[in-house]
Every structure is written in C-alpha cells, then in structure tokens.
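An overview of the molecular structure
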Amino acid sequence: MYPFTYTKAADTRQAVNAGRRGGRYIAGGTTLVDLMRETVERPETLVDISGLPLSEVTVTERGGLRIGALVTMSEAAADRKVRTTFPVVSQALELSASAQLRNMATIGGNIMQRTRCTYFRDVTAACNKREPGSGCAAREGFNRTHAILGTSDACVATHPSDVAVAFAALEATVQLLGPDGGRSIPFADFLLQPGGTPSREQSLRKGELITAVEVPAYPRPLRSGYLKVRDRQSYEFALTSAAVALHISGGVIREAKVAAGGVGTVPWKLPAVEQHLVGERPSKSLWAAAAARAADGARPLEHNRFKVELLQRTVERQLRIVGGTK
Ligand code: SF4
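Nothing here was measured: the structure is a model prediction, and the numbers come from that model.

**Digging into the packing of aromatic side chains**
As enumerated under the stated definition, the model contains four aromatic pairs in all. When the centroid spacing of 6.3 Å and the interplanar angle of 40° are considered together, the rings of Phe187 and Phe190 count as tilted. Highlighted residues: Phe187 and Phe190, both in helix H11 (residues 187-190), separated by three residues, approximately one helical turn. A connected cluster of aromatic rings, assembled from ring pairs, spans Phe167, Phe187 and Phe190. We note Arg42 situated over the ring of Tyr2; from NZ or CZ to the ring centre the distance is 4.6 Å. Looking at Arg220, its charged tip hangs above the ring of Phe86, at a distance of 5.4 Å from the centre.

Written out as structure tokens, the structure is:
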C-alpha cells in the first residue's frame, strides 16, 4: 500500500464535488482495494459514498425497475421485485463471486469493476490498459480467457461482470449525477470498447457518480434467465454466458433480448440473434439457427478459438431453457 487520503461524503453533492476534484468513489471496495494492494491502482483520494441514500430498489412510473447504485448484489438478487420481474438479473447476480463478496459489493461498483486479465494485475507485464502505450502482453501470451468480440490491437480483455450482461440484454440505462446535474445514458453507451485507448473504460465525465441502473418495462409475461459456463461451478468468471429475455404471446416471439458475457471487451449485445427470433414460433431449429449468429464478427486469438462454438452452444441452450422448447 501507499499513502492516500480518505474522506466520507455526507451527501451526493459533497461526493460529486470531491469527485470533481479527482477523488475516486469507493463503496463496497471489493475491486478497488484489491487493486490498490497490488499497486495496479494508485488513487490519491478515496471518497467513501457508502452512506449516501442510493440503496433502494423501486418500481418506476412506467413499470420498470430502478436499482440504486448502493444496493448490494445480495440485496438486489433477493429483492422480490427483481426476482419476479427480471429473474435474469437475480440469476446473474447469484452466479457471481462468493456470498461474502455479494454482501459487500454494490450494483454501481459491479458495473465499474475492472478486467480479470492476469497481465493487467501483474505490474511487471506490458498492459495498455494499466499503462497506456506499454503494449499488450495478452496478445502474444496466454489468452484462453480473453475476448473474441470488440477487441483491438491495443487490448483483448473481457469485461468480467455477469449482471452487466443482463443489463445490456434488457437495454437498461445508467443514471448519473455530475457537477452539471443528472443525466441518463443507455447501458450500451456506458461501457466502452478498448479501441486505441483501453485505459478509458466508461463514458463517465469528471466527477460523475452512478446513482442507479434502470431497467425499462416490458410487456408481460417476460420469461428470462442467465446461463454461465465456466471452468468450475463456483468462484469463477465466465468463459461464456448468455442473458435471454423473451416475450411470447399467441405462440409467437414478440420481443427478444439477448446478450453474451465472457466473450466481449464489453457485455456483448446480440442484435442478429434477436432479429432472427422476433416474429417466429419457438422451436428447436429456431433456437439453433438464431444462436448460429451469436459469434458473428468474432476474432479469436491463439488460445480461445473454442469460445466461438461454446458461445453459440451457450446461447442456443439458454434460448431453449427460457423459450421452453426442449
Ligand atoms: Fe492489458 Fe488489455 Fe492486454 Fe490484458 S488484454 S494485457 S488488460 S492491454
């Protein structure tokens, strides 16, 4: 560790002012403290936001859900409104990390968490995300767990969050408060693909604080669920995952929302799969044909070619589970 200043914000305005002056927000601390111990992150000032009133799950006017940024993963997963309206969100949360971590980590912190690329966490390795311009050790190194979609020459790291995949599928929005007031941005625009600047991971402006994630209302009934494929059954990040939500009425798929995890530099929305499903009747052959589009545009690396087929199979299996056709 190294010296840093710690301050606890009494209200959101005080937090944003401290953030505008360069302070880093901390709540559960489950990612940031680890990275500080490893000297991957070296913030000069920590702004503790854990006392702010952002810990509620509420139903929005239009019937969607607003999950406060400081709701813990455990609380969100157990919330009756979340479980009944968007099981895909609670399942993604329950398949993440350990119970102890889920009790500490918050929704805002979860979507802000940084990659698990081992080279990023090894301060002796070249890493454009940690040290811009230093190179990417993963490209020529062991890249079995890395991304096949949304990569660039500068970075091929995956985004590690499970619940972010559910939020991407459901086209959630991120609510922000900054020095110039509040704004709302689509989840798809919140997390950034690496391009030539992998150290910039979110489209946050200086001092902006996440206040909530909002999931829009969908026609009922909406069937949804999350499938995570990993090397072992717990305490492990996804090799591939699929978040699926379907509204089926009159035997026809009216809405299809699908995203994948473990394969993209950001949670990877699958519009080609969605388009293949809408207007069709559920069937085994439909799931297979739609899932065949899941890896469109993939650029696998030396050690992660298996992810192309694994992704297609993961999406197909989850479509069958949620769609109800065995
Ligand atoms: Fe760093 Fe990204 Fe390369 Fe990993 S993949 S070493 S995070 S630049």
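Next, the rest of the story.
**Some remarks on the environment of Asp122**
When you line up the elements, Asp122 lands in the loop between helix H8 (118-121) and helix H9 (137-140). The class for Asp122 is partly exposed, based on a relative accessible area of 32%. Between the C-alpha atom of Asp122 and that of Thr39, which follows or precedes it by 83 residues, the distance is 9.4 Å. There is a polar contact of 2.6 Å between the side chain of Asp122 and the side chain of Thr124.

**Here's the deal with the pairing of strand E9 (residues 223-229)**
Of all seven residues in E9, five are buried, a share of seventy percent or more. Taken together, the seven bridges between E9 and strand E10 (residues 240-249) define a ladder with antiparallel strand orientation. What sits directly across from Leu227, in E10, is Ala242.

**Re the pattern of salt bridges**
Scanning the entire structure with this criterion turns up 18 salt bridges. Across the salt bridge formed by Lys269 and Glu171, the nearest N and O atoms sit 3.0 Å from each other. Here Lys269, found in strand E12 (residues 268-269), pairs with Glu171, found in the loop between helix H10 (163-169) and strand E6 (173-178); they are 98 residues apart in sequence, far enough to count as distant. A salt bridge links Arg232 to Glu236; the shortest N-O distance between them is 3.7 Å. Salt bridges linked by common partners bring Arg24, Glu41, Arg114, Lys129 and Glu201 together as one network.

**Here's the deal with empty space enclosed by the protein**
On inspection of all chains with the given rule, the structure shows two cavities of 30 Å³ or more. If you add up the space inside the largest cavity, you get close to 140 Å³. As for the largest cavity, its lining consists of 17 residues, and the residues nearest its centre are Lys129, His159, Leu192, Glu201 and Thr265. Partitioned by chemical class, the residues of the lining of the largest cavity number seven nonpolar, six polar and four charged. Counted as a void, the second largest cavity has a volume near 90 Å³. Lining the second largest cavity are 17 residues, and of these Cys117, Cys127, Cys136, Cys155 and Ala157 sit closest to its centre. Broken down by secondary-structure element, the contributors of at least two residues to the lining of the second largest cavity are H8 and H9. For the lining of the second largest cavity, a count of residues per class yields twelve nonpolar, four polar and one charged.

**A short note on the side chain of Gln318**
With respect to the helices and strands, Gln318 occurs in helix H14 (residues 306-323). Within the structure, Gln318 has its side chain in polar contact with the backbone oxygen of Gly225 (distance 3.1 Å). Filtering out sequence-adjacent residues up to four positions away, Gln318 remains in contact with Gly225, Tyr226, Leu227, Ala242 and Val244.

**Examining the environment of Asp189**
Along the chain, Asp189 falls in helix H11. A relative accessible area of 44% places Asp189 in the partly exposed class. Taking C-alpha positions, Asp189 is 30 Å from Lys8, a pair spaced 181 residues apart along the chain.

Rules used throughout
- Residues numbered from 1 in each chain as written.
- Predicted model: local features only at pLDDT ≥ 70, side-chain atom pairs only at ≥ 80, totals over all residues.
- Heavy atoms only, no water.
- Phe/Tyr/Trp six-rings, centres within 6.5 Å; stacked < 30°, edge-to-face > 60°.
- Helix = DSSP H or I, 4+ residues; strand = E, 2+ residues; numbered from the N terminus.
- Lys NZ or Arg CZ within 6 Å of the ring centre and 35° of its normal.
- Buried < 20%, exposed > 50% of the residue type's maximum accessible area, 1.4 Å probe, protein only.
- Polar contact = N/O pair within 3.5 Å; in protein donor to acceptor, adjacent residues only side chain to side chain.
- Pairing = 2+ DSSP bridges.
- Salt bridge = Lys/Arg side-chain N within 4 Å of Asp/Glu carboxyl O.
- 1 Å grid on protein atoms, 1.4 Å probe; cavity = no way out; pocket = protein on both sides within 12 Å on 5 of 7 lines; lining within 4 Å.
- Points joined across faces, edges and corners; volume = space filled by probe spheres on them.
- Nonpolar A, V, L, I, M, F, W, Y, C, P; charged D, E, K, R; others polar.
- Contact = heavy atoms within 4.5 Å.

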